[in-house]
Each structure stands twice: as C-alpha cells, then as structure tokens.
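Chain and residue survey
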Amino acid sequence: MASQISLLMENQPGALSRVIGLFSQRGYNIDSLSVAPTQDSTLSRLTMTTSESREVIQQILKQLYKLIDVVMVQDLKASEFISLEMALIKVSNKSEVISKIEKNYSSLEFSELDNKKEKTILRLIGDTDTLETLLVELNDDLIEVTRTGALGMTLGDVSLETEEETKVIY
Amino acid sequence: MSNEEINGGDALIRALADENIDLIFGYPGGAALHIYDAIYKQNKVQHILVRHEQAAVHAADGYARATGKPGVALVTSGPGATNAITGIATAYMDSIPVVVISGQVASHLIGSDAFQETDMLGISRPIVKHSFLVQSAEEIPVVIKKAFHIATSGRPGPVVIDVPKNMTDPNYKFEYKYPKDLVMRSFPILGKGQDEKIAAAIELFRSAKKPVIYSGGGTIQADASKELTEFSKLIGCPVTNTLMGLGAFPGNDEQFIGMLGMHGTYEANMVMSEADLIFNVGARFDDRITNNPSKFGLEAKKIHIDSDPSSIDKIIGVDLAIEGDAKIVMQQLIEQVKSTGFDQSIYKDWWSKVEAWRKAHGLNHDMLQLKNEKDIILPQQVIQSLYQTTNGDAYVTSDVGQHQMFAAQYYKFKDPRKWINSGGLGTMGFGLPSAMGVKFAFPEADVACVTGEGSIQMCIQELSTCGQYGLPIKIVNLNNRALGMVKQWQDMQYGGRYSSISYEDSLPDFVKLAESFGHVGIKVEKLSELNDAMKESFAMKDKLVFLDVLVDPDEHVYPMLEAGGSMSEMRLSKDKKTF
Ligand SMILES: Cc1ncc(C[n+]2csc(CCOP(=O)(O)OP(=O)(O)O)c2C)c(N)n1
Ligand SMILES: [Mg+2]
C-alpha cells in the first residue's frame, strides 16, 4: 500500500502551491491529494499518498516541514491509522453495478444519490485499494468517476496537532 | 507618543531602516515608483543604482556573504523581477540571506496580464526560502520583519517580498508600528546538539585511525570558523574545506590539506577515500564532492552536523547525525574534548601517509619561480601573484570557470567570508557585482574580482556602477581567449572538438573598455611583468583597475575527479591519472 502523509499548513494563498511545487521540483510522485480547512480556519489539512520508497519519504517529510507555511507533518504509517476515500461514479446500468458491488465488495459503503434519472450517481466509501479494484472491474460500466483521494487519521492519542507557537523577541 | 501616519512606501523604507539596513541595491520602474519616492525623501537607507537587476541581487548577495548581515535588493515588476531571478537562484543554492523586494502591478490588475505583470511568486517559488505577496499596506512592517527573520535564521536563504503598487499608494496612510517581536507558527531553529551525540562523536574520533574533518559553507554561515579551527587543533587530524567553506580553517595552516572534490587537491581526495571517519560540519555531500555517491567513503563512519535536517541522509547515509547550529555544536564538542583530553598521537601513521600524498602530487604554491622561454603566464601564477601582493588578506570574489578553480586552489584563504563565489549555481556574471557589494561593506579592504574574459562580459555593465560610486575594485581577468572550462571538457571528453568556446577575434580591448568607463586598464602578456603590474594595480588605492592578464590558453585545471568514479580516481595532469 502507498504511504500517506498528513500535514497542517497555513490556510493562505500560495501555501498549497508550495507543497505541490516541492513534489514536482524534487521529482517526488504524488498518487492522490486532498485538502480542506480544519476546525481552525487558519489551518488547512492536506493528505497525500505516494508510492515513493522509505528513504524518499523521509526526505519528503523533512522537506515539507522546512516549508514556512507547513506547520506540522505526519507520516501516518508511523502509527496505527485509518484511511478511506470516497468516490462518486455515474452508471447507466445501475442494478448490474449494484449487484456486483454487493457480491464482491462488501467492505465498501455505497448509496444511491440520484435515482430520478436514467444515469445514476452512486457514492462509494472505502479503502483506496478496494475502490480501485472495483473501478477496474466496473470499467466498461463507468460513465464518469470522481474521487476525493485518500483521507487518513491516526488512532487514539497520536494526533496531528500544531506545536507551540514560537515567539521571537528582539 | 502616538505613532505618526505614513504611507506604505514610506513604511517599507522605514521598516528597512528599523531592521538596520542602510544600503540597498536596485533599479527603478513603474510598479516600484512609490517606493523610490520614499527613498528620495529620507537619508537612512542609501540606494545604489546598478545597471541590471541581476547585479543588484548579486551585489546584495556579496554584501551578505562578506558581512554575515542580510543583503537587500529592490526591483520593479515584470522584467525587473525576471532579471533578478538568476541572482535569487544563486543566493538560494548557497543559502545566502538576501531579501528581494519586487514591485508588482496593483492588486486589482493581478492576473489580467497587465503591463509589466509577471507572477513573481510563482516564478521564484522553487528558488526562495520563502516569499510574501503584500496583502495590505498595514502589514508591510510585519512582512519586512518576518522576511528578515526567515532569511537570516536557521539555514539562511533568499526571501522575496512582492509589493503590489497600490500597497504603497502615497495617499493611503496608516499608523506605523515596527513590531518588537514576532509570532511564528512552527518555525524551529536548531541550537544545541544532543549531549550523548556530542560524546559519541568524540568517541568515534578516539577509535578512528584515519579521520578527516570536512567543513563546508554552513560553518561560515554559522560564524563557526573559530570553533572549527579550535576543535580541529584539539583533535589534530587532517582538515579539508569545500569550495564554499574555504577560509573557515586557515588555508596556510599545515593541518589543512586543501579543498576537496571535483578540483580538490590530490591529498584531500585521497584522504576522503581512505578515511575511516568522515566528520562533516556544514557541508552537504554535494555531487561535486562525493563524485559517485555509491563509491563514496565506503570504509568510513560518518558524522554529519547540520542546521537543516533535510540535508542529513539526503545523498549519503550517516552513522551519527547531529542536528544543530554549527557554532553551538562545535562549542559543545570543544568542551567535551577539553574535559576528557585527547591524544593526537594516535594519528601519527595517518599523517605520514597524508604527507606522502602531499609530497607526491600536492599543489605547487611556488609556481612564480618557474620561468619559461616564451615568458608565457600560467593562470596559477596570476593567483599566486595576487596572493603575494595582497598578503593573502584580500576579499576575493570570482566568476565561474577555470579561473574560479585556480583561485580556490591557490589563494590560501586565511579567514572566513573572504572567498566569495557562486558554488551551488555556478553563475557566470557573479564576480563583479558581488565585489561591489563587498566593497560597499569594506571600503578600506582590498577587493579583487578574479574572472575570465567570458564571465566578466556577463555583467560588464557594472563597470559603470563602479564609476558612479567610486568603487576601486581590482578586476583580475585570467584571459585565456576561450570559455576555458568548457574547452577543458571538450579536450578531455569530446576529442578536442571545440564547439562554441571561442569568440574568434571579437574580444573587446579590455584596457580601452575600462578606460571608457573612467577606470584604469592594464594589459599584461609576459610573466616577467606580472608581479609589477599586480603591485601597481593594488597601489592605486582609489582606482578601479582592470588587469587583463593573457594566460596560457591551453592550461587545464587539475586534479580532476573522473566522472562516475570514486574520490581516488583523479586526473592529475593531461597525461597522468590515478586510475
Ligand atoms: C550563466 C552561465 N552560463 C554558462 C555557464 C557554463 N560555463 C561554466 S564555465 C564556462 C566558461 C567560462 O569562461 P571564462 O569566464 O572565460 O572562464 P575560464 O574557464 O576560461 O577561466 C561556462 C560557459 C555558467 N556556469 N554560467
Ligand atoms: Mg576564459
């Protein structure tokens, strides 16, 4: 499974481009990326998955933390964590698709979002690998797919939190 | 006393003054005009008008390297900003604290492809430590304060402040307050190294038989040269400096084995490849040092001290990483050695080996003695003459090419911050403008710019700036009538097929060129005339002298590491190699 990195960054214009820029600048690959503000509106939380090696991930973590706009970084794999993502898929042969899902993909949560039209939108939630296997199987049935990218969070007491602020006095 | 109301342009300049900046280098233009008006109205911050924005940043950079204080450049939007880019990248690669303030089109025009609009934050993003787009006039003082703090703390680096024109609107006034402190979220600055690691480092020295101290630009940046020297004296093993680290340990000390790496000395590279302990402080295992990383230091335990954790284990995995400020860590190490004592005699055998290497193929620092029938000047002799004339005390800036490597090899820098060159980016054109920055900082000191006829032409326009401000720099042009370093590679790897390294007959008459700017030009063609000309140049205290020295066009820089090889695989001359 790909590694997941979560980070808190300033919710400011330019911050996201610095994070993404770092990946292209240093030649790291990102598989997926998701970002939105947290309960603290001055901070955004970003989750990314990458299939880079352990050594490269160590470098990525350090390089990310070095960015002034990045407040805290976490390698989710370093402790127990959960990971999931959501996908919306549009299909025309709804009943066939649903039976495929029910038969082989019981770990995925799914619901029908729009049953008034011929082409239906289904919502799927689950772990990335299972979702991807399903999407491969459904390939011919899919009209449109959109995914959030993986989200993750460590369990229990281990949390991604900001450090204390540093006050610099002159 | 309540603070008076001032506009954004005045606030910007006043904030610079409050940051103890008294000198900025720049070039005006539309988007920066309010700021230039603010400059006109005061006298605390002097503005130096350069002739090209690249030079403004290089000058600020040279000032910063020589003084340890941040340098400042001011440019307008669009072409002014893009011209500054090479300067910013140069400072970034060598971790130099430079603050670049760029004008920008008014906020409401951003994104509309307005006249002289360019996305400066976007263009500069990969080559800055951080950047700001000013969002309101009121935040200008805080942004300035943060910019200087970020540029100068931890591992230093350039910071860009992009200022939309409306932020400096003369008619919009607000209360000026310069912040006394700053709150930064998650901005750790490393200080001490962990005590047990300090002890472990000394133990590694105790159990080593063939250690080496390898120091880089970080030691100079951290002002840790004194500590490095003291520590090295206590340990007593060979010391080598990188191109960026020259002067951190005195180049004329017997314990110094010269620069290492691509054009390092034979003994330094041999020491690195046979060492059983490599102690790296403030260097980054750059590819110009390690040669092939998979063949690097295979027998050696490695210690790495760095203020930037991302430099550790980036290229070369180490056994003991000490994250911290080089100066503080070195002080801790000194304490540790002093309290436990250290027996240097354990390295006696190692030193006899090192001395044998030095004797076999060390650099000849007495080449001025060599005479030849045609009285041709070798480039190394020019550097040795410069060294003699200035007693090794000058500030020496350089450009990029063979002349740079000869200067690094033969000018035995005794002090830190006196060797000013673009190591990381290798920017031709850096030499003259950076020398201007140094000369402004130290008007009484000898400042030499060692350059080549190729490089000097990349910022030659600054001869005019030097005239305007009366900067008596000595330009030592190692004129080999070719892009010598490129030619050397074409000799070695392309069967002597000289592709685009010659200017044919188009080189200017540098003497006349210098004179046309009101300077002195001297041309030297004979070895027998070299020393006198050099002395004459430096004797003219208030004149910029362009010393155009015609040197042997066929000389190569040696030693040279063989591409893809280990550090012991070197070419020692045109027909001698170690592999
Ligand atoms: C801006 C820039 N362009 C190209 C290069 C590639 N380059 C490195 S050394 C060199 C030749 C420099 O010639 P010169 O200044 O005459 O120095 P020499 O090697 O002859 O001493 C070139 C073209 C560079 N380093 N910088
Ligand atoms: Mg040349």
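It should be noted that the structure appears before, not after, this text.
Residues numbered from 1 in each chain as written. Chains lettered and ligands numbered in written order. Predicted model: local features only at pLDDT ≥ 70, side-chain atom pairs only at ≥ 80, totals over all residues. Heavy atoms only, no water.

**Focus on the overall build of chain B**
Within chain B, the regular secondary structure consists of 20 helices and 24 strands. The globule rule puts the C-alpha radius of gyration for 579 residues at 25 Å, and the 25 Å found for chain B is close to it. Along the longest, intermediate and shortest principal axes, the C-alpha atoms of chain B span 75 × 65 × 40 Å. Residues counted as buried form 60% of the 579 residues belonging to chain B. Taking as baseline every contact in chain B between residues at least 6 positions apart, the subset at least 24 positions apart corresponds to 75%. Put simply, chain B shows about 22000 Å² of open surface, and 50% of that area lies on carbon and sulfur atoms. (Helix = DSSP H or I, 4+ residues; strand = E, 2+ residues; numbered from the N terminus. Rg over C-alpha atoms; globule rule 2.2 N^0.38 Å. Buried < 20%, exposed > 50% of the residue type's maximum accessible area, 1.4 Å probe, protein only. Contact = heavy atoms within 4.5 Å. Areas by Shrake-Rupley, 256 points an atom, 1.4 Å probe, with all protein chains shown as cover.)

**Some remarks on the coordination of the magnesium ion (ligand 2)**
All of the protein donors around the magnesium ion (ligand 2) are B:Glu453 (OE), B:Glu453 (OE), B:Asn480 (OD1) and B:Ala482 (O); their distances to the metal are 2.1 to 2.7 Å. Angles of 52 to 177 degrees at the metal separate the six donor atoms of the magnesium ion (ligand 2), which places the site in the irregular class. (Donors = N, O, S within 2.8 Å, 3.2 Å for Na, K, Ca; no water. Tetrahedral: all angles 85-135°; square planar, octahedral: opposite > 155°, others 65-115°.)

**Notes on the sheet that holds strand 3 (residues 43–50) of chain A**
Residues and elements named next belong to chain A. Pairing is antiparallel across the open sheet formed by four strands, whose spatial order is 2-3-1-4. Pairing within the sheet leaves two strands with one partner each, and these edge strands are strand 2 (32–37) and strand 4 (70–75). Taking the axes of each pair of neighbouring strands and ignoring which way they run, one obtains an average angle of 15 degrees across the sheet. Of the pairings in the sheet, the one linking strand 2 to strand 3 comprises six bridges and is antiparallel in character. From the neighbouring strand, Val35 faces strand 3, where its bridge partner is Leu46. (Pairing = 2+ DSSP bridges. Axes fitted to C-alpha atoms, helices over the stretch in contact; angles between N-to-C directions.)

**Notes on the interface of chain B and chain A**
At the junction of the two partners, chain B supplies 26 residues and chain A supplies 27 residues. Together, the buried faces of chain B and chain A total about 2300 Å²; carbon and sulfur atoms form 48% of this surface. Broken down residue by residue, the surface that chain B buries against chain A is led by B:Arg125, B:Arg185 and B:Ser186, which jointly contribute 31%. Summed over the shared surface of chain B and chain A, the result is three salt bridges. With a shortest N-O distance of 2.7 Å, B:Asp308 and A:Lys66 are connected by a salt bridge. For the pair chain B and chain A, the interface holds ten residue pairs in polar contact (both at pLDDT 80 or more). Take the side of chain B that touches chain A: its biggest share by element is four residues, from strand 9 (residues 181–184) of chain B. Among the residues forming the side of chain B that touches chain A, the class breakdown is ten nonpolar, six polar and ten charged. (Buried area = accessible area lost by both parts, 1.4 Å probe. Salt bridge = Lys/Arg side-chain N within 4 Å of Asp/Glu carboxyl O. Polar contact = N/O pair within 3.5 Å; in protein donor to acceptor, adjacent residues only side chain to side chain. Nonpolar A, V, L, I, M, F, W, Y, C, P; charged D, E, K, R; others polar.)

**What about the layout of surface pockets?**
Taken as a whole, the second largest pocket spans an internal volume of roughly 860 Å³. If you trace the second largest pocket, you find 33 residues lining it, with A:Gln12, A:Pro13, A:Arg18, B:Ser131 and B:Leu133 closest to the centre. Contributions of two or more residues to the lining of the second largest pocket are made by helix 1 (15–25) of chain A together with helix 5 (120–124), strand 6 (130–133), helix 6 (140–152) and strand 9 of chain B. For the lining of the second largest pocket, a count of residues per class yields 13 nonpolar, ten polar and ten charged. (1 Å grid on protein atoms, 1.4 Å probe; cavity = no way out; pocket = protein on both sides within 12 Å on 5 of 7 lines; lining within 4 Å. Points joined across faces, edges and corners; volume = space filled by probe spheres on them.)

**Concerning the site of ligand 1**
All names here are of chain B. Around ligand 1, the structure places 18 residues, and the nearest of them are Gln402, Gly426, Glu453, Ser455 and Gly484. Between ligand 1 and the protein, one listed contact pairs an oxygen atom with a side-chain N or O atom of His403 at 2.9 Å. Within the side chain of Glu453, one N or O atom sits 2.8 Å away from an oxygen atom of ligand 1. For ligand 1, whose unbound accessible area comes to 590 Å², protein coverage reaches 76%. Mapped by element, the contributors of at least two residues to the shell around ligand 1 are helix 15 (402–410) and helix 18 (484–493). The dominant element in the shell around ligand 1, judged by the number of residues it contributes, is helix 18, at three residues. Across the shell around ligand 1, the residue classes break down as eight nonpolar, nine polar and one charged. (Near = heavy atom within 4 Å.)

**Digging into empty space enclosed by the protein**
Residues and elements named next belong to chain B. Inspection of every chain in the model, using the stated rule, returns one cavity of 30 Å³ or more. Taken as a whole, the largest cavity holds about 50 Å³ of empty space. Here the lining of the largest cavity takes four residues from helix 18, the largest share from any one element. By residue class, the composition of the lining of the largest cavity is two nonpolar, five polar and four charged.

**Things to note about the side chain of B:Asn421**
All names here are of chain B. When you line up the elements, Asn421 lands in the loop between strand 17 (419–420) and helix 16 (431–441). At 2.7 Å, the side chain of Asn421 forms a polar contact with the side chain of Gln404. If we skip the residues at most four places from it in the chain, Asn421 touches Arg65, Asp94, Leu243, Met244, Ser398, Gln404 and Phe430.

**Regarding the sheet that holds strand 10 (residues 211–215) of chain B**
Residue and element names in this part refer to chain B. The six strands lie next to each other as 12-11-10-13-14-15, forming an open sheet whose pairing is parallel. Sheet topology places strand 12 (256–259) and strand 15 (320–323) at the edges, where each strand pairs with a single neighbour. Taken pair by pair, the neighbouring strands of this sheet meet at an average axis angle of 15 degrees, ignoring direction. Pairing geometry for strand 10 and strand 13 (residues 277–281), over five bridges, is parallel. Bridge pairing in strand 13 links Ile213 to Phe279. Against the sheet, helix 10 (residues 266–274) makes contact with strand 10, strand 11 (239–241), strand 12 and strand 13, and its axis sits at roughly 100 degrees relative to strand 12, the strand it touches most.

**Section: a negative patch on the surface**
Residues B:Glu525, B:Glu529, B:Asp532 and B:Glu536 make up a contiguous surface patch of negative charge. Overall, B:Glu536 belongs to the partly exposed group, its relative accessible area being 44%. (Patch = residues over 30% accessible without salt bridge, like charges linked within 9 Å, V, L, I, M, F, W, Y side chains within 5 Å. Lys, Arg positive; Asp, Glu negative; His and termini not counted. Charge placed at Lys NZ, Arg CZ, Asp CG, Glu CD.)

**Some words on the packing of helix 1 (residues 8–18) of chain B against helix 6 of chain B**
Residues and elements named next belong to chain B. Taken N-terminus to C-terminus, the directions of helix 1 and helix 6 make an angle of 30 degrees; their axes are 9 Å apart at the nearest point. Taken together, the axes of helix 1 and helix 6 lie roughly parallel to each other. Handedness of the helix 1/helix 6 crossing: right-handed. Between helix 1, through Gly8, Ala11, Leu12, Ala15 and Leu16, and helix 6, the contact on the second element is made entirely by Ile140, Pro141, Ile144 and Phe148. Of the residues assigned to the contact of helix 1 with helix 6, the class counts are eight nonpolar, one polar and no charged. (Parallel < 35°, antiparallel > 145°, perpendicular 65-115°, else oblique. Left-handed = near helix turned anticlockwise from the far one by under 90°.)

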